[in-house]
Amino acid sequence: MGSILMGHNKSIHHKLIVVSNRLPVTVSRKKGKIKFKESPGGLATGLRSLKQKQKVLFIGWPGYIPRNNKEKIYIRDRLIKEHQCYPVFLKRSELDKYYYGFSNRTLWPLFHYFTSYSTFEEPEWNAYKKVNRKFFKEVLEIADPDSTFWVHDYHLMLLPKLIRTALPQCSMGFFLHIPFPSSEIFRVLPWRTEILEGLLGADLLGFHTYEYARHFLSSALRLLGYEHEFGAISVNNRIVRVDNFPMGVDIEKNNQLLADPEVQKETEECRKRLGKNNKIILSVDRLDYSKGIPHRLRAFESFLAKNRKWRGKITYIMLCVPSRTQVSQYKQLKKEIDRLVGNINGKFGSPSWTPVNYIFRSRPFKKLISLYAAADIALVTPVRDGMNLVAKEYVAAKKDNNGVLILSGTAGAAEELSEALIVNVHNKNEIIESIKKALTMSSKEKTSRMKVMRKRILEYDIKHWTQSFINSIIETKSIQDSREKRKLNPDWKKELMSQYQKSRKRLLLFDYDGTLISYSKKPEDAKPDNELKRLLISLSKSSSNKLVVISGRDRNTMEKWLGDIPCSMVAEHGSWIKTSQKDKWEKQAELQFPWKNRIKPILKNYESRVPGSFVEEKEFGLAWHYRNASPELGYIRSHELFDNLNEYLANTDLQLMHGNKVIEIRIAGINKGIAAQHFLKKKQWDFILALGDDWTDEELFKELPPNAYSIKIGYGPTQARLFIESPQACRSLLLDLSKI
Ligand code: GDG
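Residues numbered from 1 in each chain as written. Predicted model: local features only at pLDDT ≥ 70, side-chain atom pairs only at ≥ 80, totals over all residues. Heavy atoms only, no water.

Caption draft 1: Examining the overall build of the chain more closely. Scanning the chain for helices and strands turns up 25 helices and 29 strands. If you line up the chain on its principal axes, its C-alpha atoms span 105 × 65 × 45 Å. In the chain, buried positions account for 56% of the 740 residues. Restricting to contacts in the chain with at least 6 residues of sequence separation, those with at least 24 account for 70%. If you average the places of the 121 positive and of the 83 negative side-chain charges in the chain, the two averages end up 6 Å apart. (Helix = DSSP H or I, 4+ residues; strand = E, 2+ residues; numbered from the N terminus. Buried < 20%, exposed > 50% of the residue type's maximum accessible area, 1.4 Å probe, protein only. Contact = heavy atoms within 4.5 Å. Lys, Arg positive; Asp, Glu negative; His and termini not counted. Charge placed at Lys NZ, Arg CZ, Asp CG, Glu CD.)

Caption draft 2: Spatial organisation of the side chain of N671. With respect to the element layout, N671 can be found in the loop between β26 (662-667) and α23 (672-680). For N671, a relative accessible area of 13% translates into the label buried. Engagement of the side chain of N671 in a polar contact is seen with the side chain of E699, the distance being 2.7 Å. Non-local contacts of N671, meaning those with residues more than four positions away in its chain, are made with H573, G574, R666 and E699. (Polar contact = N/O pair within 3.5 Å; in protein donor to acceptor, adjacent residues only side chain to side chain.)

Caption draft 3: Representation of the packing of helix α11 (residues 293-306) against helix α12 (residues 328-348) in the model. Contact geometry for α11 and α12: axes closest at 10 Å, N-to-C directions at 10°. The angle between α11 and α12 places the two elements in the roughly parallel class. Between α11 and α12, the contacting residues are I293, P294, L297, R298, F300, E301, L304 and A305 on the first element and L333, E336, I337, L340, V341, I344, K347 and F348 on the second. Class assignment for the residues of the contact of α11 with α12 results in 12 nonpolar, no polar and 4 charged. (Axes fitted to C-alpha atoms, helices over the stretch in contact; angles between N-to-C directions. Parallel < 35°, antiparallel > 145°, perpendicular 65-115°, else oblique. Nonpolar A, V, L, I, M, F, W, Y, C, P; charged D, E, K, R; others polar.)

Caption draft 4: A look at the state of the cysteines. Tallied over the full model, the rule gives 0 disulfides. Looking at the unpaired C320, the closest cysteine sulfur is the one in C270, lying at 16 Å. Note on C320: relative accessible area 0%, which makes it buried. (Disulfide = S-S within 2.5 Å.)

Caption draft 5: Spatial organisation of the sheet that holds strand β14 (residues 356-360). Taken in spatial order, the 6 strands of this open sheet run β14-β13-β12-β15-β16-β17, and their pairing is parallel. This sheet does not close on itself; its edge strands, each paired only once, are β14 and β17 (421-423). The mean angle between the axes of side-by-side strands here comes to 20°, regardless of whether they run parallel or antiparallel. Pairing geometry for strand β12 (residues 279-286) and strand β13 (residues 314-321), over 8 bridges, is parallel. The partner of V284 across the bridge, within β13, is L319. (Pairing = 2+ DSSP bridges.)

Caption draft 6: Highlighting the environment of Y512. Summarising the element assignment, Y512 is placed in the loop between β18 (506-510) and α19 (530-541). Considered as a pair, Y512 and M558 are 46 residues apart in the sequence and their alpha carbons are 9.6 Å apart. Not counting the four nearest positions on each side in its chain, Y512 is found in contact with I517, A526, K527, P528, L532, V549, I550, S551, R553, W561 and L562.

Caption draft 7: Region of interest: a positive patch on the surface. Judged by side-chain charge, K30, K31, K33, K35 and K37 come together as a positively charged surface patch. Per element, the largest residue contribution to the positive patch is 3 residues, and it comes from strand β3 (residues 33-38). Mapping K35 onto the fold places it in strand β3. (Patch = residues over 30% accessible without salt bridge, like charges linked within 9 Å, V, L, I, M, F, W, Y side chains within 5 Å. Areas by Shrake-Rupley, 256 points an atom, 1.4 Å probe, with all protein chains shown as cover. Salt bridge = Lys/Arg side-chain N within 4 Å of Asp/Glu carboxyl O.)

Caption draft 8: Quick peek at the pairing of β13. Taking burial as the measure, the 8 residues of β13 include 7 buried ones, the bulk of the element. In this region the chain leaves β12, passes through α11 and returns to the parallel neighbour β13; the handedness of that crossover is right-handed. By the bridge criterion, 5 bridges tie β13 to β14 in an arrangement that is parallel. Paired with I317 across the strands is N357, a residue of β14. After leaving β13, the chain enters α12 and then returns to the sheet as β14, a path that is right-handed. (Right-handed = clockwise from strand over helix to strand, strands pointing away.)

Caption draft 9: Inspection of the packing of helix α3 (residues 92-111) against helix α4 (residues 122-142) at higher detail. Contact geometry for α3 and α4: axes closest at 8 Å, N-to-C directions at 115°. It follows from the interaxial angle that α3 and α4 lie roughly perpendicular. The hand of the α3/α4 crossing is left-handed. Two secondary-structure elements touch here, α3 through E94, K97, Y98, G101, F102, S103, R105, T106 and L107 and α4 through P123, E124, W125, A127, Y128, K130, V131, K134 and F135. The residue inventory of the contact of α3 with α4, partitioned by class, reads 9 nonpolar, 3 polar and 6 charged. (Left-handed = near helix turned anticlockwise from the far one by under 90°.)

Caption draft 10: Local environment of the layout of surface pockets. As a volume, the second largest pocket reaches approximately 1700 Å³. Lining the second largest pocket are 46 residues, with E227, E229, N660, G716 and P717 positioned closest to its centre. Mapped by element, the contributors of at least two residues to the lining of the second largest pocket are β9 (228-229), β10 (232-235), β11 (238-244), α17 (462-485), α22 (631-648), β25 (654-659), α24 (695-703) and β28 (709-713). Partitioned by chemical class, the residues of the lining of the second largest pocket number 18 nonpolar, 15 polar and 13 charged. (1 Å grid on protein atoms, 1.4 Å probe; cavity = no way out; pocket = protein on both sides within 12 Å on 5 of 7 lines; lining within 4 Å. Points joined across faces, edges and corners; volume = space filled by probe spheres on them.)

In structure tokens:
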């Protein structure tokens, strides 16, 4: 995984369709009249900047249940005409089960590590599926085959696959706004496979942090067996990229508001009222158990109990926005918070001082920003948070650098804001100490911490986030397109066959496992079947053809399996060569000091630590196979073994290779490329065809002249000119050639 992609701002040639649970416009009914209100959310802002370059359409729930069909049609028309918004209307029962139910009683708590809050109800899962399909129907109404989609968040994790199946050529990114949990937590979900497969319909999967992306990749590996290479997974021969895109704040709006005299006046008044000689602590959250509000209140209470001298000198402004009030945990939480605030104010307050200034309602963003500007300290202590924009907004508002951010390490924002006072929300003393430290911090230290954070926040703002995500969708698509062009399609095949037909001196270099035959659980089971034998015999019988099977297998197995075919053979990646059927095997390497005795115990150790894996001994090499091991353990241990051996083998004549589910050690200077030279030199070939699936075949591809047809089986990164999807497809090509 790399960091976010920069470079040129790219734009999409076709429609951009943004799908999220809520539309950027909220519909309501006031005094019998339908009202439309643009939501000030960050995403809408980010997209506004894109809107100037391309057509952006939105799909989502408008936040309102129409009373009748007439009203529905009216709302739909106006949303489409005036706001480019395509509403998905939800029934009360759908909202209950899909939104409050599966999204917020199952996924939200689970993904925030509140496993005991998660409920797993089949009817709610069914409603989630149904509503995802409802969104999909709306997508089909407006999409073209080459539209670009940006799907948002945990409410719509099945949507990418639905869209991909219907519109295989589209471009699609998905962004998750909440954490993606560790695979140990994710696997608790009974419908985990469907959710993963749903997400993998996208071309690009974006997360706030590197950690969440890593967790996702680990779940994809453990639960579906998908390995990744630098964050790219190959799903049914389609590349899916996984990366982190930390969301930023709307700096432009922020700056405008901070310059607004009304906001400045409000900030001053707030400081006069509460902060003249006193300090202001601020927190802003949706009322949610993931935000750690009770933890913070308990810490504040203890702080006041322990620090008498600060009583009357600090005010904690706690803004809580009502949220998901229909979910029972939120109701309980509200009660708990009310009680804690009451206790603190009752215990420490006086007629002239209220320790906790508790506001339980939404405020206009203007008011919020004046509070940010006025506050000496922002106390942001979520138990878990995907990102937490409040922490970033506070930093952005501190133009004078005069403020301290206390932030929990379990907020995604902590990855970028390491100059904050980072706390563990479960460690009350740490919060207390941080409050003390923040209250007494020198201006020099405040400035130096804040400056670094501000620089970052100003640069990586919401526009940057939006544009880099879009750039990355476009880039992923162009990688896919360039692969698509190199697929052995009918045009390529026609050209290849006509060249074959015209030529008289043909060199055919074929890898064996994974190319002529599929991998099997045990290497000894991959014997050639009769069809393959007939095919190879018919190709090698043509006097124009020189057929070479070039494999990593040992020469005895090759002799046993292919000895009756009139072809040449290369065994152990080139350590042995048999120039023609009647020749003897010739050694290409010298047997050296007994290095195997030293390496074998290391491999054996891995064999016993990784069930299902085994060691294979060849004349010139050793191999540790992990095809039958659990995908994740195999993946982790193979990388560990590779790193260990890499160091161990430095400055020796041995070479280390990480092939397809195998790690091999062999004598340096021997590889399939060098072995191929043996045959390439022999004649002026007028047609060369090389087939291979593995990393070791890349050395062969590298050696070939540019007009050779090199074909990789599968869609990983390669030097080959062309791709073909499977050993079966490869055989069908050979069958066609054999008929010429
Ligand atoms: C989810 C993830 C992730 C708050 N009160 C008012 C108000 N706000 C605005 C804030 C801020 C936003 O709401 C809250 O965003 P957070 O990031 O803090 O948290 P969530 O709502 O849980 O958001 C979170 C986010 O998605 C984005 O991906 O960071 O981790 O949980 O922008 O300013 N805005 C107004 N009045 C209020 O009273 N107008």
